[in-house]
Amino acid sequence: MAETSFPAKTETISKTVQDLIISGQELPQNYIYKGSDAATLGASQPLGQIPIIDIGLLTSPSSSREELDKLRSALSFWGCFQAINHGMELAFLDQVREVTKQFFALSPEKKQKYSRESGSIEGYGNDMIISEDQTLDWTDRLYLGISPEDQRQLKLWPDDPSSFRETLHEYTAKLEVITQVLLKAMAMSLNLEENCFLDMYGEQSTLFARFNFYPPCPRPDQVIGVKPHADGSAFTILLQDKEVEGLQFQKENQWYRVPIIPEALVINVGDQAEIMCNGIFKSPVHRVVTNLEKERISLAVFCIPNSYKEIEPVNGVVNEARPRLYRTVKDYASIYFEYYQRGRRPIEAAII
Ligand SMILES: O=C(O)CCC(=O)C(=O)O
Ligand SMILES: [Fe+2]
């Protein structure tokens with residue numbers, strides 16, 4: 001997920017996966033994944049029964065108790081759900097998918113224009129290499145701050161395809177509405193004051209978009225698309241590829257595939273919402289596997305609290321039966337990256 005500052009280590013920028021494929025080079029050793037779940041990469045996993053939730057029914061004042069209960073149960077059990085009726089037509093979601101595909105299909109020279117610079121997070125590229133024993137993810141990315149609007153680095157926003165910027169601008173506006181609805185609904189689902197999460201999250205929140213491109217991979221049994229991680233956001237809104245699966249959530253040591261519902265957005269809890277609700281909602285560990293024949297795209301948008309806000313369990317969720325589990329954190333995103341690259345969960349740093 002979004003990391004907003006980096007350790008002062010020197011970074012090597014490596015080739016993108018797409019460039020590696022074009023060069024015809026053999027699979028480099030640093031793509032061979034050795035994590036504890038490596039043996040399960042090539043195995044077939046069961047499909048997760050992830051609840052489908054109607055966002056229209058969560059919106060106050062017409063929110064439905066039944067849908068709020070479904071939300072609470074989905075976020076406590078899986079830490080995620082498939083959101084439908086979220087205010088965007090399938091045709092528009094397809095347009096977002098299409099501009100994403102068109103961008104990654106540009107020639108290396110054209111994409112180069114939007115490259116991430118060493119030490120900075122925004123732009124086109126792949127994993128930053130900060131240590132020699134780091135396993136690389138089989139994915140290329142375009143990482144853009146999309147909100148607040150006045151902090152956008154527009155020079156990194158593709159102008160090819162020509163509708164890219166306008167599409168992303170419109171998508172951002174829709175996600176801002178969903179963010180507010182969801183934070184209120186999460187509070188209502190727990191019978192808390194409607195604005196308690198929203199107030200802590202802050203009005204000047206940040207949205208970061210990560211466009212992911214996973215080229216076909218010669219060794220899906222040995223190479224990972226994205227290593228297991230939980231997001232450091234408050235929550236994440238993911239637009240999945242319409243045809244190719246890859247995302248898996250972990251529950252009690254079992255990996256579950258996330259089904260494709262073309263008109264749905266996959267929304268998952270991030271560490272900061274887990275902290276705010278004192279662990280009632282779970283920030284789920286997830287990973288992405290690769291595909292031998294097909295490429296896959298996705299667009300993850302990380303909804304991040306205002307960095308000046310202190311994030312901690314809200315009043316209504318701490319009591320004798322449920323003592324406070326997490327410390328107060330601030331600018332959590334900044335510790336995230338280092339933990340991720342070491343294969344550790346940053347939320348460990350917040351547990352009391
Ligand atoms: O590609 C996906 O489906 C998910 C990517 C993801 O987990 C992330 O970007 O944090
Ligand atoms: Fe993620």
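Let me sum up the structure you'll find in this document. Only a predicted model underlies this, so the values are computations on that prediction, with no experimental measurement involved.

### Concerning the coordination of the iron ion (ligand 2)
Phase 1 of the analysis: All of the protein donors around the iron ion (ligand 2) are His229 (NE2), Asp231 (OD) and His286 (NE2); their distances to the metal are 2.1 to 2.3 Å.
Phase 2 of the analysis: Sequence spacing of the donors to the iron ion (ligand 2): H-x1-D-x54-H. Pair noted here: Asp231 is in the loop between β8 (224–229) and β9 (235–240) and His286 is in strand β13 (residues 286–289), with a separation of 55 residues, a long-range link. Assigned by exposure class, Asp231 and His286 land together as buried.

### Regarding the sheet that holds strand β2 (residues 52–54)
Phase 1 of the analysis: If you walk across this open sheet you meet the 8 strands as β2-β3-β12-β9-β14-β7-β6-β4, and the pairing is mixed. Looking at the sheet topology across the chains shown, the edges are occupied by β2 and β4 (123–125). Strand-to-strand twist of the sheet, defined as the mean angle between neighbouring strand axes without regard to direction, takes the value 25 degrees.
Phase 2 of the analysis: As judged from the 4 bridges shared by β9 and strand β12 (residues 265–269), these two strands associate in the antiparallel manner. Bridging across to β12, Thr236 finds its partner in Asn268.
Phase 3 of the analysis: Against the sheet, helix α2 (residues 65–77) contacts β2, β3 (80–84) and β12, and its axis sits at roughly 145 degrees relative to β2.

### Focus on the sheet that holds β13
Phase 1 of the analysis: Taken together, 4 strands build an open sheet; the order of strands is β8-β13-β10-β11 and the sheet is antiparallel. Where the open sheet ends on each side, the last strands, each with one partner, are β8 and β11 (254–257). Looking at each pair of strands side by side, their axes are set apart by 25 degrees on average, direction ignored.
Phase 2 of the analysis: By the bridge criterion, 3 bridges tie strand β10 (residues 247–251) to β13 in an arrangement that is antiparallel. Across the sheet, the residue bridging to Gln248 is Arg287, located in β13.

### So, the pattern of salt bridges
Side chains that differ in sign of charge can pair as their charged atoms come close.
Phase 1 of the analysis: Following the criterion strictly, the structure yields 15 salt bridges and no others.
Phase 2 of the analysis: The partner of Lys70 in a salt bridge is Glu67, with the nearest N and O atoms 3.5 Å apart. Residue Lys70 and its partner Glu67 are located together in helix α2, separated by 3 residues, close to a single helical turn.
Phase 3 of the analysis: Here Glu67 falls in the buried class, since its relative accessible area comes to 6%.
Phase 4 of the analysis: For the salt bridge of Asp137 with Lys227, the shortest nitrogen-to-oxygen distance reads 3.1 Å. Placement of Asp137 in the loop between β5 (128–129) and β6 (140–147) and of Lys227 in strand β8 is noted, with a sequence separation of 90 residues between them.
Phase 5 of the analysis: On the accessibility criterion, Asp137 (1% relative accessible area) is buried.

### Topic: the packing of α2 against helix α5 (residues 164–189)
Phase 1 of the analysis: It is the contact of α2 with α5, at a shortest axis distance of 9 Å, that shows an interaxial angle of 90 degrees. Taken together, the axes of α2 and α5 lie roughly perpendicular to each other. Listed contacts from α5 to Arg65, Leu68, Leu71, Arg72 and Leu75 of α2 are Leu182, Ala185, Met186, Met188 and Ser189.
Phase 2 of the analysis: Here the contact of α2 with α5 is composed, by residue class, of 7 nonpolar, 1 polar and 2 charged.

### A few points about the site of ligand 1
Phase 1 of the analysis: In the vicinity of ligand 1, 13 residues are found, and the nearest of them are Arg210, Tyr214, His286, Arg296 and Ser298.
Phase 2 of the analysis: Between ligand 1 and Arg210, the relevant distance is 3.0 Å, taken from an oxygen atom to a side-chain nitrogen or oxygen of the residue.
Phase 3 of the analysis: In this structure, His229 approaches ligand 1 through a side-chain N or O atom, which is 3.1 Å from an oxygen atom.
Phase 4 of the analysis: In isolation ligand 1 exposes 290 Å². Once the protein is present, 98% of that is buried.
Phase 5 of the analysis: When contributions to the shell around ligand 1 are tallied by element, the ones reaching two or more residues are β7 (206–214), β13 and β14 (296–304).

### Considerations on the nonpolar core
Phase 1 of the analysis: Core analysis: the biggest nonpolar cluster contains 72 residues, and Leu71, Phe81, Leu144, Tyr171, Phe197, Phe211 and Leu265 have the highest contact counts within it.
Phase 2 of the analysis: It is α5 that contributes the most residues to this core, 12 residues altogether.
Phase 3 of the analysis: Leave out the neighbours within four places in its chain, and Leu265 touches Phe81, Gln82, Ala83, His86, Met88, Leu93, Tyr171, Ile178, Ile237, Leu238 and Leu239.
Phase 4 of the analysis: Within the second largest apolar cluster, 17 residues are counted, among which are Ile50, Tyr214, Phe249 and Val288.

Calculation criteria
- Residues numbered from 1 in each chain as written.
- Chains lettered and ligands numbered in written order.
- Predicted model: local features only at pLDDT ≥ 70, side-chain atom pairs only at ≥ 80, totals over all residues.
- Heavy atoms only, no water.
- Donors = N, O, S within 2.8 Å, 3.2 Å for Na, K, Ca; no water.
- Helix = DSSP H or I, 4+ residues; strand = E, 2+ residues; numbered from the N terminus.
- Buried < 20%, exposed > 50% of the residue type's maximum accessible area, 1.4 Å probe, protein only.
- Pairing = 2+ DSSP bridges.
- Axes fitted to C-alpha atoms, helices over the stretch in contact; angles between N-to-C directions.
- Contact = heavy atoms within 4.5 Å.
- Salt bridge = Lys/Arg side-chain N within 4 Å of Asp/Glu carboxyl O.
- Parallel < 35°, antiparallel > 145°, perpendicular 65-115°, else oblique.
- Nonpolar A, V, L, I, M, F, W, Y, C, P; charged D, E, K, R; others polar.
- Near = heavy atom within 4 Å.
- Polar contact = N/O pair within 3.5 Å; in protein donor to acceptor, adjacent residues only side chain to side chain.
- Areas by Shrake-Rupley, 256 points an atom, 1.4 Å probe, with all protein chains shown as cover.
- Core = buried A, V, L, I, M, F, W, Y, C linked by side-chain atoms within 4.5 Å.

Bear in mind that shape data such as this cannot, by itself, settle questions of function.
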